[in-house]
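Letter by letter, the chains look like this.
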Amino acid sequence: MKESKKKGISPVIATVLLIAIVVVLIVIIFIWAKSFIGETVQKKGSPADQSCDEVALDIAYDGSDLQVTNRGNIYVYRVEVKKKGDGSVERQTIDERLGIGQSISNSIGSGYNDIEVIPVILGEAKTSKTLYTCKNGYRAEII
Amino acid sequence: MNRTNQMNKKGVSVIIGYVLLIVIAISLALLVYAWMKGNLPKEKQQCPDEVSLVIKDYNCFENGKINITLKNNGFFDIDGFIAKISNKSKSLPILALKGVFPVQSNDGQFIFGVPMNSSQEFTETFDYSNHNLILDLQIMPLKRIGNKLVLCENSVIRQKLDETSCANSS
């Protein structure tokens, strides 16, 4: 007798409310948590790191000039050069573009016994283009 | 007494428990999906390893022209190539060969009007008069993959030339 007088929500309305609450909570949590995943620089839809692995450069140093040929299929925006000699390390930026199959030759000075070239590629981050310096460099052949 | 103690214990409503479970499970799944989507490697547009182009023959002329015969030794069609030379003994081939009119080139890049089939040969005259001398010749094959021209980095060929034969005396 007492139980029949208890009031409550219709089961249909309860189910709808449950589903609505679940969906809303999921969307809120997803939007909030996405900011923790972080912004990644991408190139052609993949993380820029993967494009860096596809970069292929032929590099030679003849004692004064550094010659670089882009033997791969990734456009290189510019190259950073790490020059080692006599216990010192110098850095230089060669701001020249290397399209597919293109070559450059630049004077970088003499007296170095180890040259490392680090490619910089152009990637996309959210809505803007951004430069990405590859983590791995390429050693120049001393000729 | 035990029954009374159990009745007085507080806990989360069963319905709220279900809601929380479902929300947590689906949220985790979506987060993992979003993270994986940005980190899974995409398929690379790569040239097949069986692409092969060889320099069958070459003839240098004193007026700064060189005749080159290329042969497609591989299993796939080739859509073009990039020709570079060096004119110094200590140098990579970084100087672009030019075409002789009406053959057009773009920084050493030559594209075939009709792809070069397997076993086919191609002979053409090129201009090296700007560089005076050819000591090293490099040919990088190009192949169309989808709608993109891809450089076949594993099929690049290089040939040292006799320094007396390819010298421009004009």
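This structure is a prediction, so every number in the text was calculated from the model and none was measured.

Novice: Tell me about the overall build of chain A, and name the residues and values.
Specialist: When helices and strands are tallied, chain A shows two helices and 11 strands. The order of α-helices and β-strands along chain A, N terminus first, is α-β-β-α-β-β-β-β-β-β-β-β-β. Counting every atom, chain A has about 8,400 Å² of accessible surface; 56% of that belongs to carbon and sulfur.

Novice: I'd like a description of the side chain of Asn72 of chain B, backed by residues and values.
Specialist: Residue and element names in this part refer to chain B. Of note, Asn72 is situated in strand E2 (residues 65-72). Polar contacts involving the side chain of Asn72 include one to the main-chain amide nitrogen of Gly74, which spans 3.0 Å. In terms of polar contacts, Asn72 uses its side chain to reach the backbone carbonyl oxygen of Met116, at 3.0 Å.

Novice: Please provide a residue-by-residue account of the nonpolar core, values included.
Specialist: Residue and element names in this part refer to chain B. In terms of nonpolar packing, the biggest core is built from 25 residues, with Ile66, Phe81, Leu97 and Ile139 touching the most fellow members. Elements represented by at least two residues in this core include exactly strand E1 (53-61), E2, strand E3 (78-86), strand E6 (109-116) and strand E8 (136-145). In terms of residue count, E3 provides more of this core than any other element does, four residues in total. For Phe81, the contacting residues outside a window of four places in its chain are Leu53, Leu70, Gly108, Gln109, Phe110, Phe112, Phe122, Phe126, Ile139, Met140, Pro141 and Leu142.

Novice: An account of the interface of chain A and chain B is needed here, citing residue identities and associated values.
Specialist: Taken together, the contact between chain A and chain B spans 35 residues of the former and 32 residues of the latter. A combined buried area of about 2,800 Å² lies between chain A and chain B, and 63% of that area is made up of carbon and sulfur atoms. When the buried surface of chain A facing chain B is broken down by residue, Ile26, Arg71 and Asn73 of chain A rank first, second and third, together holding 19% of it. On inspection of chain A and its partner chain B, the count reaches zero salt bridges. Applying the counting rule to chain A against chain B returns five residue pairs in polar contact (both at pLDDT 80 or more). For the side of chain A that touches chain B, the secondary structure elements donating two or more residues are helix H1 (11-37), strand E2 (46-47), helix H2 (48-54), strand E3 (57-61), strand E4 (65-70) and strand E7 (103-107) of chain A. Looking at the side of chain A that touches chain B, its residues break down into 16 nonpolar, 13 polar and six charged.

Novice: Break down the environment of Val19 of chain B for me, citing the residues and quoting the values.
Specialist: Among the structural elements, Val19 of chain B can be located in helix H2 (residues 14-39). The residues touching Val19 of chain B, leaving out its near neighbours within four places in the chain, are Leu18, Ile21, Val22 and Leu25 of chain A.

Novice: Provide a residue-level description of the sheet that holds E3 of chain A, including the pertinent values.
Specialist: Residues and elements named next belong to chain A. What the four strands build is an open sheet, ordered E7-E4-E3-E11; its pairing is mixed. Every interior strand has two partners, whereas the edge strands, E7 and strand E11 (141-142), have only one. Relative to E4, E3 runs antiparallel, the two being bridged by five bridges. Note that in E4 the partner of Leu57 across the bridge is Asn70.

Novice: Can you tell me about the pairing of E3 of chain B, naming the residues and giving the values?
Specialist: Residue and element names in this part refer to chain B. Most of E3 sits out of view: nine of its nine residues are buried. Sheet analysis places E3 next to E6, joined by four bridges and oriented antiparallel. Residue pairing in the sheet places Phe81 in a bridge with Phe110 of E6. Two strands pair when backbone bridges link them, and E3 and strand E4 (residues 95-96) are joined in this way by two bridges, in the antiparallel orientation. Considered in E4, the bridge of Ile85 is made with Leu95.

Novice: Got a sec to walk through the packing of aromatic side chains? Specific residues and values, please.
Specialist: Aromatic ring pairs are defined here through the distance separating the ring centres and the angle between the ring planes. Under the criterion given, the structure shown has seven aromatic pairs over all chains. The interplanar angle of 65 degrees and the centroid separation of 5.9 Å between the aromatic rings of Phe81 of chain B and Phe122 of chain B together place this pair among those described as edge-to-face. You can see Phe81 of chain B sitting in strand E3 and its partner Phe122 of chain B sitting in strand E7 (residues 121-127), a full 41 residues away along the chain. A network of ring pairs unites the aromatic residues Phe81, Phe110, Phe112, Phe122 and Phe126 of chain B as a single cluster. Between Arg97 of chain A and the ring centre of Tyr77 of chain A, over which it is positioned, the NZ or CZ distance is 3.8 Å.

Novice: Could you give me a rundown of the sheet that holds E1 of chain B, with the residues and numbers involved?
Specialist: Within a beta sheet, neighbouring strands are joined by backbone hydrogen bonds and run either parallel or antiparallel to one another. Residues and elements named next belong to chain B. What the four strands build is an open sheet, ordered E1-E2-E7-E5; its pairing is antiparallel. Every other strand in the sheet has two partners, leaving E1 and strand E5 (98-99) as the edge strands with one partner each. For E2 and E7, the ladder comprises seven bridges, and the chain directions are antiparallel. Note that in E7 the partner of Thr69 across the bridge is Thr123.

Basis of the calculations
- Residues numbered from 1 in each chain as written.
- Chains lettered and ligands numbered in written order.
- Predicted model: local features only at pLDDT ≥ 70, side-chain atom pairs only at ≥ 80, totals over all residues.
- Heavy atoms only, no water.
- Helix = DSSP H or I, 4+ residues; strand = E, 2+ residues; numbered from the N terminus.
- Areas by Shrake-Rupley, 256 points an atom, 1.4 Å probe, with all protein chains shown as cover.
- Polar contact = N/O pair within 3.5 Å; in protein donor to acceptor, adjacent residues only side chain to side chain.
- Core = buried A, V, L, I, M, F, W, Y, C linked by side-chain atoms within 4.5 Å.
- Buried < 20%, exposed > 50% of the residue type's maximum accessible area, 1.4 Å probe, protein only.
- Contact = heavy atoms within 4.5 Å.
- Buried area = accessible area lost by both parts, 1.4 Å probe.
- Salt bridge = Lys/Arg side-chain N within 4 Å of Asp/Glu carboxyl O.
- Nonpolar A, V, L, I, M, F, W, Y, C, P; charged D, E, K, R; others polar.
- Pairing = 2+ DSSP bridges.
- Phe/Tyr/Trp six-rings, centres within 6.5 Å; stacked < 30°, edge-to-face > 60°.
- Lys NZ or Arg CZ within 6 Å of the ring centre and 35° of its normal.

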